[in-house]
Amino acid sequence: TDHLWIGRDEAYAAQQHLLPLAEEASVAVSHALTDTISLKFALSSNDVDNDLRTSVIEVLTNQDSDNISFTEQELQMSLKEAKRQYKGDDLRKWKNARKEL
């Protein structure tokens, strides 16, 4: 069998390129999992007030809107961390949300 071997410099360059992409994907998957669990709880629990259930469903199903909400922890991160986690328009929205604190 043939193996592809890359040098240390090439591996480091690939890591520099791919690690931020992987971290961004990890954050997106984490948010999707949180949304899924929240929606499942809102739909299946009898302990949830109907007004809360309706608002949770509206927030989670209205993904096309420009509104983006950040957790308290996300708003407390440094600009450097935010630049790694958010790109483009999402970074601008994070900066604006942080200014409103």
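The structure under discussion appears in the preceding block.
Residues numbered from 1 in each chain as written. Predicted model: local features only at pLDDT ≥ 70, side-chain atom pairs only at ≥ 80, totals over all residues. Heavy atoms only, no water.

## Quick word on the pattern of salt bridges
Alright, step 1. Scanning all chains against the criterion turns up two salt bridges.
Alright, step 2. When the shortest N-O distance is used, the salt bridge between Asp89 and Arg92 registers 2.5 Å. Here Asp89 pairs with Arg92, and both are found in helix 5 (residues 88-99), just three residues apart, close to one helical turn.
Alright, step 3. Judged by its relative accessible area of 37%, Asp89 is partly exposed.
Alright, step 4. Lys93 serves as the salt-bridge partner of Asp89, at 3.4 Å between the closest nitrogen and oxygen. Pair noted here: Asp89 and Lys93 are both in helix 5, with a separation of four residues, about one helical turn.
Alright, step 5. Ionic contacts of the salt-bridge type, sharing partners, join the residues Asp89, Arg92 and Lys93 into one network. (Salt bridge = Lys/Arg side-chain N within 4 Å of Asp/Glu carboxyl O. Helix = DSSP H or I, 4+ residues; strand = E, 2+ residues; numbered from the N terminus. Buried < 20%, exposed > 50% of the residue type's maximum accessible area, 1.4 Å probe, protein only.)

## Some words on the packing of aromatic side chains
Alright, step 1. Under the counting rule described, the total for this entry stands at one aromatic pair.
Alright, step 2. Seen from their ring centres, Phe70 and Tyr86 are 5.4 Å apart, and the 80 degrees between their planes marks the pair as edge-to-face. With a gap of 16 residues between them, Phe70 in the loop between helix 2 (50-61) and helix 3 (72-76) and Tyr86 in the loop between helix 4 (79-85) and helix 5 connect regions that are remote in the sequence. Here the two residues Phe70 and Tyr86 agree in accessibility, since each one is buried. (Phe/Tyr/Trp six-rings, centres within 6.5 Å; stacked < 30°, edge-to-face > 60°.)

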